[in-house]
Every structure is written in C-alpha cells, then in structure tokens.
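Overview (structure and organization)
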Amino acid sequence: MAAAEAGWLVIAEPQVVVSIDGAVAELLLNRPRRLNAITEEMLLAIEDGIDLIEARRSVRALVVRGEGRAFCAGADLAAAGSRLDAAGGLAGHAAIWRRVLQRLESSPVPSIAAVHGVAVAGGLELTLACDMVAMAADARIGDGHAKWGLVPSGGATQRLPRTTGKRHASWLLFSGELVDAREALAIGLVNAVVPPEELLDHARGMARTIARRSPAAVASMKRAVRDGLDGAGLDAGLELEARLLQEHRHRPDMKIGQTAFTSRSDPRFPDR
C-alpha cells in the first residue's frame, strides 16, 4: 500500500491499481509497455478490484483508465500461449473474460471509462461493460478481431449492437476498423469527447457528479436499464421499473430527497 496522489488510498497490484478517494474510485490498467494488453491474471485482479471497491460502501462511482500511451490494446494472446490450443483452453479463456466484464457491468457502482490512445478488441469490450465513456479527441476505438481471424470473447457481439445499433456495430465488427473520437460520439459509442489533457479531469468530474446523487437510486436505475435492455420488451421493462420503485420507496434516500426538496437544501444521502 502506497500513496500516489494526495488524498488517494492506493491498493496496488503489479498490473492493476485500485485508488479510492472518498466516494470516487479508480481502476488503472498498469501495463504500459504492452499498451495495457490484458492477461488472465489482470482479469482476475480487475475482479478482485471490483470486490474491493464494492466492499467500501462509501464508493459511489468508478473511473476505469489505462497507464501510458493507450487505454487498452485488447487481450494479450501471446501471454496465453499454448493454453488457447489445449482442450478447453479457449473456452476457459473466454469464460474468464465473460465473467469479469459481466461483474463490472452488473456492479451497483456506476463506471466511467476514460479512453486515450486506443481501445481495441478487449479494450473496446471493457468500455462496453462500463456505463459511460469519456474519450480523448485524438484517441481511436474499435473491435479489430476480424483482422486477425478472431471472434470476440468479451461480449462485443452483444453489447456493441445494444450501444450503437445493428448497422454501426456490424461495420465495426466485420471490418475491424477503428473510428476516431468524433465518429465514436456520433454513433453513441461514447458520451463525451474532450482534449487529451482534460480527459482525466473530465472523467473524474463525471464520477463526482454521480457521487453526489442517491447511490440507491442510481443502483436501481442501473439495474433497470441493464435488465430492461436484456428483457422481453418494453412492457417487461416497465414492470421491472415499477418493481424497483416499490423496493426503493422503503429506502431512506427517497425520504431524504423529498425533505431536501421541500426545504430547498442539498440532500445528503447515506453510503450504499
């Protein structure tokens, strides 16, 4: 355990670093010489990091970012080596990717990816598992699997169409081409494009904004959005929203918000 920035608590693994400052956490991919290409060990460390973040009930938002010249160049297939050729090796590798990204996506803590340099293949899939994305104006993003005769294992074929729509997703998947920040914003792949030097501050600002809101309400809405998209249509989604509202009415956040609204004061919500 060591200090990085003033006020930040840092729990360090060699290639994944979790930083916590009150209500905001950061998960840093820390393998810059390999453009943060993700190994299975890193995936397990990311999973541990999510566990750690959720265990700290004061944390209300998460920023995911990369060290060095890139956000993430995807999976490190060279590190996996012959394991992918062994019986069940490829399936096991894919299962770890699927489990960890589902863990991030389903976390009650909302996440923001801060993308610089490139986010390719598994890097794209990591951003798709996050709730929001801020992107540097000079960055590029895309899938890339088709260039190398590969098929995604981290959910790109499912999450990308749900994010951009079928037409845009099909082009990104089938061509393997990367798009610039302007196009990524136009097709709904990212929320914001900012100058590179402002990226981290912008992502942290998004996290701080969310951290001021009701964590119980945000977690319920995150679940409604995720499960509604994966459900059996609008009617099923509306029923889910109604159920979550009934659950939420028993939580203190609703009363706190109503009281603050009436008194014209800022609400102070409890931790998760």
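Up top is the structure these notes are about.
Read on for an overview of the structure. Values in this document were obtained by computation on a predicted structure and should not be read as measured data.

**Observations concerning a nonpolar patch on the surface**
- On the surface, L77, W148 and L150 cluster together into a nonpolar patch covering about 340 Å² of accessible area.
- Inspection of the secondary structure puts L150 in the loop between β9 (140-142) and α5 (156-164).
- Owing to a relative accessible area of 36%, L150 belongs among the partly exposed residues under this scheme.

**Thoughts on the side chain of E125**
- Mapping E125 onto the fold places it in helix α4 (residues 122-129).
- Look at E125: it is buried, it has no salt bridge, and the nearest opposite charge is R159 at 6.5 Å.
- Only 2.8 Å separates the side chain of E125 from the backbone nitrogen of G154, close enough to count as a polar contact.
- Of the polar contacts made by the side chain of E125, one reaches the backbone nitrogen of A156; its length is 3.0 Å.
- When neighbours within four sequence positions are excluded, E125 is seen to be in contact with L101, H145, P152, S153, G154, G155 and A156.

**Focus on the pairing of strand β5 (residues 61-66)**
- Counting buried positions over the six residues of β5 gives six, a clear majority of the element.
- Burial along β5 is two-sided: the residues A61, V63 and R65 and L62, V64 and G66 are all buried.
- Taken together, strand β4 (residues 24-29), helix α1 (residues 40-55) and β5 form a β-α-β motif whose crossover is right-handed.
- Relative to strand β6 (residues 111-115), β5 is paired through three bridges, and the arrangement is parallel. From the neighbouring strand, L62 faces β6, where its bridge partner is S111.

**Regarding the sheet that holds strand β7 (residues 118-120)**
- If you walk across this open sheet you meet the three strands as β7-β9-β10, and the pairing is mixed. The open sheet terminates on both sides in strands that have one partner only, identified here as β7 and β10 (178-180). Neighbour-to-neighbour, the strand axes of the sheet open up by a mean angle of 20°, direction not taken into account.
- Sheet analysis places β9 next to β10, joined by three bridges and oriented antiparallel. Its bridge partner lying in β10, G142 is registered against L178.
- Sitting on the sheet, α4 touches β7 and β9, and the angle it makes with β7 is about 90°.

What counts and what doesn't
Residues numbered from 1 in each chain as written. Predicted model: local features only at pLDDT ≥ 70, side-chain atom pairs only at ≥ 80, totals over all residues. Heavy atoms only, no water. Patch = residues over 30% accessible without salt bridge, like charges linked within 9 Å, V, L, I, M, F, W, Y side chains within 5 Å. Areas by Shrake-Rupley, 256 points an atom, 1.4 Å probe, with all protein chains shown as cover. Salt bridge = Lys/Arg side-chain N within 4 Å of Asp/Glu carboxyl O. Helix = DSSP H or I, 4+ residues; strand = E, 2+ residues; numbered from the N terminus. Buried < 20%, exposed > 50% of the residue type's maximum accessible area, 1.4 Å probe, protein only. Lys, Arg positive; Asp, Glu negative; His and termini not counted. Polar contact = N/O pair within 3.5 Å; in protein donor to acceptor, adjacent residues only side chain to side chain. Contact = heavy atoms within 4.5 Å. Right-handed = clockwise from strand over helix to strand, strands pointing away. Pairing = 2+ DSSP bridges. Axes fitted to C-alpha atoms, helices over the stretch in contact; angles between N-to-C directions.

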